[in-house]
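Structural overview for review
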Amino acid sequence: MAVRAGSVRAAIAIWSGRRTRSVGDHGYAIYLGVMLVLVCVAPAMRVLWLAASSEAALAVLSGPLASMFVATSATALWVGALIAGRVRGPAIRPPVLTYALARSGVPRVRAFGGSVARAGVVVVAALMLPAAFVGAVLVGNGVIGVGAAAARVVVAALVGVIATVAWLAGQAVPRAAIAMGSGLAILVGVSLAAAGIAPFTPFGWIAGAWSGGSLASLCALLALAVAAVASAPTLLTRLDTYALEAQAAQWESSTVRAYGMDFNAATAMYQGRPTLGRRIRAVRPTGSMARTFFVRDAIGAARTPGRLVIGVCTLAAASVLIALASAAGLFGGAGMSGAGMLGLVAVLGVVGAVLAFAGLGPLTDGLRHAANVASDLPLYGVSDARLLALHVLFPALVGFLVLAVGAAVTALLLGTAPLVPGFSAAVIGLLALLSRVNNAVKGPLSIALLTPIPTPVGDLSGAVRFAWSLDGVLLVSVAGGAVALAGQDLSGAAGLVVLAGTSAIMLATAALRWRRRRAS
């Protein structure tokens, strides 16, 4: 079937013409972007610049550990892109447009190449900006020259190009993506274990090119990026029509829920289907009700092994950050000031708490089920409160073991006492689980939150709805920073006060939502 060259552009133009925007709409969007940069981005960049300009930070950013960190992060990004492409790839358009183009005679390269290119621009820009910032800090403080900074930006761009093609590969060959990701992860491990092999692997090329001391590494990375781009047309031709339509419909449903501030439903659209142990009986009557529910939740979590592994690994990463937050003496020994030390401790605590909250997600499916059942009449002959408590056992035990033990082991490896990191990790895990309970019993968005809130600076109703949708993450992040600061003598009682206030707000909110669970 013959297809005209401009057919794809015509179809996209017709689809885009459904919603035309006036000049005033574009001007308002530009105004919002400029104000966002001036009010939020510029002050944050100034704070980061001042923090990165300290002697200790400059030593870290220009040292060999920075190259190792960049190389590890880049390869982890490639592995993540391969896996992410299996559920949502870069070659995606609106469902109607996807159906029209995928089932026509238009070549895949012409039909979906533009969306892949736009996704690649976003990925490359997102990686180049932090690389340019780090290079500017080092150049501004006289640590490196302009050429070395430019090399870092080029490395970030090449990593972004390869990540985009890896993302496309995960979408085009989903079955092989797991094997490719596993092989890449093994290659990184071998490169870390055997330093002599690193110069011949992508991990070593990134590390060598980032440090600016190896032109051969930069050329090798460039060759890898060129080979990846050359394989993109072949990968586009392998895109399956049914997979394209399924991913387009799934993404459309997820974005609609996200625009409605229902982020739980948006992320649930990408929850993996049970694949393992479906013939194993989950509900097994035992002598103990607690044991029955614990086994049920454990088998339910194991049926989606990918989610379970990611959740446990996320909890382990949170435990490492919490242990680092407790090891303030290491930062002081590096020459960091007291204010800078407390800022770094708070940031580590916040990120660790957010990771703990995210890691508990795959472990709390039973908890969300109990909250949904509790919003209606009892079904199991068990009171609502007891049903919720029984489903808390599995995530509480697993989260406590991973967080507390991981933080204690990390502290021992750092040469510090394990008691404070282990206790801090346990407290953060408890607060993250409480936030998960709070999130589960939240219910739908109240109509009262849709009421406009006019102020001299504009309508704040959108900000209120955004805070409502992410209240669990916001509260647990504040609590994580407070827990990390409470363990430091330099913070005094401020950390304890903030922790007590945040915990009280979380408990009061959960209790109020629990009492009103059937009102919605």
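Our subject is the structure that appears above.
Because the structure is predicted, anything quoted here is derived from the model rather than measured. (Residues numbered from 1 in each chain as written. Predicted model: local features only at pLDDT ≥ 70, side-chain atom pairs only at ≥ 80, totals over all residues. Heavy atoms only, no water.)

1. Considerations on the packing of aromatic side chains
Counted under the stated rule, the structure contains 3 aromatic pairs. Aromatic pair Trp49 and Phe133: ring centres 6.0 Å apart, planes at 80°, arrangement edge-to-face. Placement of Trp49 in helix H2 (residues 23-52) and of Phe133 in helix H6 (residues 108-140) is noted, with a sequence separation of 84 residues between them. A centroid spacing of 5.5 Å and a plane angle of 70° characterise the contact between Phe294 and Phe394, whose relative ring orientation is edge-to-face. Of the two residues, Phe294 is situated in helix H13 (residues 289-302) and Phe394 in helix H18 (residues 384-414); the sequence distance between them amounts to 100 residues. By relative accessible area, which is 26% here, Phe294 ends up partly exposed. (Phe/Tyr/Trp six-rings, centres within 6.5 Å; stacked < 30°, edge-to-face > 60°. Helix = DSSP H or I, 4+ residues; strand = E, 2+ residues; numbered from the N terminus. Buried < 20%, exposed > 50% of the residue type's maximum accessible area, 1.4 Å probe, protein only.)

2. A short note on the packing of helix H7 (residues 146-172) against helix H10 (residues 215-237)
Two elements in contact, H7 and H10, have axes separated by 9 Å at closest approach and are oriented at 30°. Taken together, the axis directions place H7 and H10 in an arrangement best described as roughly parallel. Relative to H10, H7 is oriented so that their crossing is left-handed. Contacts from Val154, Val155, Leu158, Val161, Ile162, Val165, Leu168, Ala169 and Ala172 in H7 reach Leu218, Leu221, Leu222, Leu224, Ala225, Ala228, Val229, Ser231, Ala232, Leu235 and Leu236 in H10. Across the contact of H7 with H10, the residue classes tally to 19 nonpolar, 1 polar and no charged. (Axes fitted to C-alpha atoms, helices over the stretch in contact; angles between N-to-C directions. Parallel < 35°, antiparallel > 145°, perpendicular 65-115°, else oblique. Left-handed = near helix turned anticlockwise from the far one by under 90°. Contact = heavy atoms within 4.5 Å. Nonpolar A, V, L, I, M, F, W, Y, C, P; charged D, E, K, R; others polar.)

3. Overview of helix H8 (residues 174-193)
Compared with the 28 Å implied by 1.5 Å per residue over 20 residues, the 29 Å span of H8 between its first and last C-alpha is a close match. Of all the positions in H8, only Ala177, Gly181, Leu184, Val188 and Ser191 are classed as buried. For H8, the arc enclosing every buried residue in end-on projection is 85°, short of the 170-degree limit, so these residues lie on one face. For H8, the exposed residues set more than 90 degrees away from the buried face come down to Arg175, Ala179, Ile186 and Ala193. If you follow the buried residues of H8, they end up packed against helix H4 (64-84), H7 and helix H9 (202-211). (Expected span 1.5 Å × (residues − 1). Arc of directions from axis to C-beta.)

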